[in-house]
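Structural features, examined
For reference, the chains in residue letters:
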Amino acid sequence: MANFWNSAELEPKKSYQYTVTMGTIADSFLIKSAKLPVLEVGTLEADYTQYKFYYPGKVSWSPVQFTIYDVVGSKSVAQNLTSLFAAIGINKPVNANQLATLSKRNAASAVGNVIISQIDTNGTQIGSWTLTNAFITNIDFGQHGYSDEGLIEVSVDMAYDWAEYKAGA
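Residues numbered from 1 in each chain as written. Predicted model: local features only at pLDDT ≥ 70, side-chain atom pairs only at ≥ 80, totals over all residues. Heavy atoms only, no water.

**Structural notes on the pairing of strand S7 (residues 125-132)**
Two faces make up the sheet, and in a regular strand the side chains alternate between them. In terms of strand pairing, strand S6 (residues 114-119) meets S7 through 6 bridges, oriented antiparallel. Paired with Ile115 across the two strands is Thr130, which belongs to S7. Connecting S6 to the next strand, S7, in antiparallel fashion are 5 residues, including Gly123 with a positive phi near 85°. Where S7 lies against strand S10 (residues 162-167), 6 bridges are found, and the strand directions are antiparallel. Looking at S10, one finds that Thr132 is bridged to Trp162. (Pairing = 2+ DSSP bridges. Helix = DSSP H or I, 4+ residues; strand = E, 2+ residues; numbered from the N terminus.)

Set out below in structure tokens:
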């Protein structure tokens, strides 16, 4: 790697070259940013007299976050995400007899496959992360303000069981 800067063949991955697919709702989103998966290995601590020893523990994947620009009309992020609520199992309370609750199956299938693809300068896929059993855990629909000229940004957090990386085109 000492010759990295001298080699025209080695090209680093660029953070601004990516696409995100979210099942049936992918084409309606203008995604500003996408957090890549984070793998964390927990540690177990064992105390023995005057020493501490550490052992690997459980593996967990940290939630990812997408920041999405909202748009006007039928491709509105707010409209598309709120239309998912019924499929996920989030319903307005009608009466005391409404007993349905959320399920992982409905939550994950409503979102569909979540794939973060990394692309090169020609638009060719050079790698992808697939989130397994991803579901939405938080939606922040943004804010309005008279002192701000920015665009409305919607933040979506997703939990998932694990992620798989696939290299190449």
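Right, picking up where we left off after that structure.
**Points about the packing of aromatic side chains**
For the coordinates displayed, the defined rule picks out 4 aromatic pairs. Measuring from ring centre to ring centre gives 5.7 Å for Tyr48 and Phe53, while their planes differ by 55°; the resulting arrangement is tilted. The class of Tyr48 is partly exposed, set by a relative accessible area of 46%. Here the aromatic residues Tyr48, Tyr51 and Phe53 are joined through ring pairs into a cluster of three or more. (Phe/Tyr/Trp six-rings, centres within 6.5 Å; stacked < 30°, edge-to-face > 60°. Buried < 20%, exposed > 50% of the residue type's maximum accessible area, 1.4 Å probe, protein only.)

**Re the sheet that holds strand S9 (residues 153-159)**
In spatial order, the strands read S2-S5-S9-S8; together these 4 strands make up an open sheet with antiparallel pairing. On the outer flanks of this sheet lie strand S2 (30-34) and strand S8 (135-140), each paired with one strand and no other. Looking at each pair of strands side by side, their axes are set apart by 30° on average, direction ignored. As defined by bridge partners, S2 adjoins strand S5 (residues 64-69) across 4 bridges and the pair is classed as antiparallel. Across the sheet, the residue bridging to Leu30 is Tyr69, located in S5. Sheet contacts for helix H1 (residues 77-88): S5, S8 and S9; angle to S8, the most-contacted strand, approximately 135°. (Axes fitted to C-alpha atoms, helices over the stretch in contact; angles between N-to-C directions. Contact = heavy atoms within 4.5 Å.)

**Structural notes on the nonpolar core**
Of all hydrophobic cores here, the largest spans 26 residues; its most connected members are Phe66, Leu81, Val114, Ile136 and Met158. For this core, the elements supplying multiple residues, two or more each, are strand S1 (18-22), S5, H1, helix H2 (104-111), S6, S7, S8 and S9. If we skip the residues at most four places from it in the chain, Met158 touches Met22, Pro63, Val64, Phe66, Val111, Val114, Ala134, Phe135, Ile136 and Thr137. (Core = buried A, V, L, I, M, F, W, Y, C linked by side-chain atoms within 4.5 Å.)

**Points about the confidence of the model for the chain**
Caution applies to low-pLDDT regions: their predicted coordinates should not be interpreted in detail. In the predicted model, the chain carries a mean pLDDT of 86, and 94% of its residues have values of at least 70. Across the chain, strand S4 (residues 51-62) holds the top mean pLDDT of 95, while H1 sits lowest at 82. (pLDDT = per-residue confidence, 0-100.)

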